[in-house]
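Spelled out from the first residue to the last, the chains are:
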Amino acid sequence: MKAAPKSRCFMPAGVNPFSSLGNLEAADAPLRDSHGRVVRYLRLSVTDRCNLRCVYCRSEARQTFIPHQKVLRYEEMARLVGLLTRLGVHKVRLTGGEPFARKDCDTLLALLHERHPQLDLRLTTNGTLLEPHIPLLRRTGVRAVNLSLDSFDRATFARVTGRDVLPAVLAALDALLRASIRVKINVVAMRGVNDGQMDDFAHAARNLPVDLRFIEFMPMGNGTLWGPETFWPADQIRAEAQRRLRLTPETDAEAEAGPARMYRVEGGKGRMGFITAVSCQFCGSCNRLRLTSDGHVRTCLFDDKEYRLRGLLRHPRCDDADLVRVLRLACAQKPVGAALLAARRAGCAVADKQMVGIGG
């Protein structure tokens, strides 16, 4: 009797495993897409669970969380990070949900630092659970923390997040600065919500050694607060800031590569930045992949097409080469997000999946 043939690991739906990817014979060749962009940056969602309910991140409908058995184990996440570092990724940001809403998130930080001590490891958090973990951030070499803080006004903060926990976030901010960890404050700019609070934002940028960055409200997922009436474009935000601050554009050499257009605050300790995610996209320089907490690779924030890796990770006959093959297939088909945004119907979301399920 003939032996049964070795079963093949499955490929993502809609992907042709025999499609030509060009000259990719080098096993460790960088991940490059069809537009010539090279992937250097991974945003890794630790969990889709969060202790806040921000109006821009998820809808008012009852949230269905990913079942525990479908969430990647920390060892699986670390394995993928190891593969990606061999393919040229040097920066990894842990996101959520809220990373520290997942039990023992410290374990993942320690694991990544132990295996990849040179990795540029960063974190995005809402800050509510952060303060006890700050000593670990220093030990594991976390270089910077992005802190979601959409208002310094307690009532507005509670309206945006669904919880009255602003004091805990401000305490975490103070603790990060005392620990000399670089802080970027991320503000989702929303007309009719926090557009009347520029005095507070200007005060923070003037008096704190932080990067305060306004992010245009993106039409991600149905049922959020997004709409033409809540969209506050970056040029108007900057004009409002310039009524209070003297802003000087950073030169290319001074500004860290990234989506924000950064400005020095003359006479102040901090900087202010503007991320034009909707009004003026920066897709030409996109160098990132996203990995959801259930093991799906998403090559563009605005594209709901995902490539499943969890099954490959857990299949006894699939090895690292199979995972790399899917990663290359995914990158080869990485779209231009600006085209997807332009093609959406007026007033509709550009993607069905909400930010809490993708990773911030």
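Residues numbered from 1 in each chain as written. Predicted model: local features only at pLDDT ≥ 70, side-chain atom pairs only at ≥ 80, totals over all residues. Heavy atoms only, no water.

Trainee: Would you take a moment to explain the packing of helix H1 (residues 74-86) against helix H2 (residues 105-115) for this structure?
Mentor: Working note: a packed helix pair is described by the angle between its axes plus the distance between those axes. H2 packs onto H1 with a crossing angle of 30° between their chain directions and a minimal axis gap of 10 Å. When the axes of H1 and H2 are compared, the pair comes out roughly parallel. Note on packing geometry: the crossing formed by H1 with H2 is right-handed. Contact residues: H1 offers Tyr74, Glu75, Met77, Ala78, Arg79 and Val81, while H2 offers Cys105, Thr107, Leu108, Leu111, Leu112 and Arg115. Tallied by class, the residues present in the contact of H1 with H2 amount to 8 nonpolar, 1 polar and 3 charged. (Axes fitted to C-alpha atoms, helices over the stretch in contact; angles between N-to-C directions. Helix = DSSP H or I, 4+ residues; strand = E, 2+ residues; numbered from the N terminus. Parallel < 35°, antiparallel > 145°, perpendicular 65-115°, else oblique. Left-handed = near helix turned anticlockwise from the far one by under 90°. Contact = heavy atoms within 4.5 Å. Nonpolar A, V, L, I, M, F, W, Y, C, P; charged D, E, K, R; others polar.)

Trainee: Would you mind showing me how to read the environment of Arg49 here?
Mentor: Relative to the helices and strands, Arg49 is located in the loop between strand E1 (41-45) and H1. For Arg49, a relative accessible area of 38% translates into the label partly exposed. Separated by 111 residues in the primary sequence, Arg49 and Val160 have C-alpha atoms spaced 17 Å apart. When sequence neighbours within four positions are dropped, the list of residues in contact with Arg49 reads Phe65, Ile66, Gly97, Glu98 and Ala101. (Buried < 20%, exposed > 50% of the residue type's maximum accessible area, 1.4 Å probe, protein only.)

Trainee: Is there a simple way to explain the sheet that holds strand E4 (residues 144-148) in this structure?
Mentor: Backbone-to-backbone hydrogen bonds join strands into a sheet, with any given pair of strands oriented parallel or antiparallel. Spatial strand order, E7-E8-E9-E6-E5-E4-E3-E2-E1-E10-E11-E12: 12 strands in an open sheet with mixed pairing. Edge positions in the sheet fall to strand E7 (247-249) and strand E12 (306-308), since each of these pairs with one other strand and no more. Shown here is a sheet whose adjacent strand axes are inclined to one another by a mean of 25°, direction ignored. Where E1 meets strand E2 (residues 91-95), 5 bridges bridge the pair, whose relative direction is parallel. (Pairing = 2+ DSSP bridges.)

Trainee: Before we go on, may I ask you to explain the pairing of strand E10 (residues 288-291) in this structure?
Mentor: Two faces make up the sheet, and in a regular strand the side chains alternate between them. By the alternation rule, side chains of E10 split into Arg288 and Arg290 and Leu289 and Leu291, which are all buried. Note: E1 against E10, 4 bridges, orientation parallel. Its bridge partner lying in E10, Leu44 is registered against Leu291. Relative to strand E11 (residues 296-298), E10 runs antiparallel, the two sharing 2 bridges. The residue of E11 that forms the bridge with Arg290 is Arg298. Between E10 and E11, which pair antiparallel and follow one another directly, the connecting turn spans 4 residues, one of which, Gly295, has a positive phi of 85°.

Trainee: It is not clear to me how the UniProt feature "binding site: S-adenosyl-L-methionine" (unreviewed entry) in the protein should be interpreted in this structure. Could you clarify?
Mentor: Within the UniProt annotation, "binding site: S-adenosyl-L-methionine" (unreviewed entry) is assigned to Tyr56, Gly97, Ser148 and Met218. For Tyr56, the position within the fold is in the loop between E1 and H1. For Tyr56, a relative accessible area of 13% translates into the label buried. Leaving out residues up to four positions away in the same chain, Tyr56 has contacts with Ser148, Asp150, Val160, Val188, Met190, Phe217 and Thr224. Structurally, Ser148 can be placed in strand E4. Of the residues examined, Ser148 reaches a relative accessible area of 21% and is grouped as partly exposed. (UniProt positions renumbered as here; feature names shortened; annotations may be inferred.)

Trainee: Help me understand helix H9 (residues 320-332), please; the structure alone is not making it clear to me.
Mentor: For an α-helix the count is 3.6 residues per turn, leaving residues at separations of three or four pointing the same way. Spanning 13 residues, H9 covers 18 Å between terminal C-alpha atoms, matching the ideal 18 Å at 1.5 Å per step. Burial in H9 covers these residues: Asp322, Leu323, Val324, Val326, Leu327, Arg328, Leu329, Ala330 and Cys331. Summarising the contacts, the buried residues of H9 are in contact with H1, E10, E11, E12 and helix H8 (310-314). Sitting at the amino-terminal end of H9 is Asp319, which places a side-chain oxygen 3.1 Å from the backbone nitrogen of Ala321. (Expected span 1.5 Å × (residues − 1). Polar contact = N/O pair within 3.5 Å; in protein donor to acceptor, adjacent residues only side chain to side chain.)

Trainee: Is there a simple way to explain the pattern of salt bridges in this structure?
Mentor: Oppositely charged side chains are able to pair whenever their charged atoms sit close together. Taken as a whole, this structure holds 19 salt bridges when the rule is applied. Taking the shortest distance from any N to any O, the salt bridge between Arg271 and Asp211 comes out at 2.8 Å. Residue Arg271 is found in strand E9 (residues 271-275), and its partner Asp211 is found in strand E6 (residues 211-216); the two are separated by 60 residues along the sequence. The salt bridge partner of Glu240 is Arg244, with a shortest N-O separation of 3.1 Å. The exposure class assigned to Glu240 is partly exposed, which follows from its relative accessible area of 21%. (Salt bridge = Lys/Arg side-chain N within 4 Å of Asp/Glu carboxyl O.)

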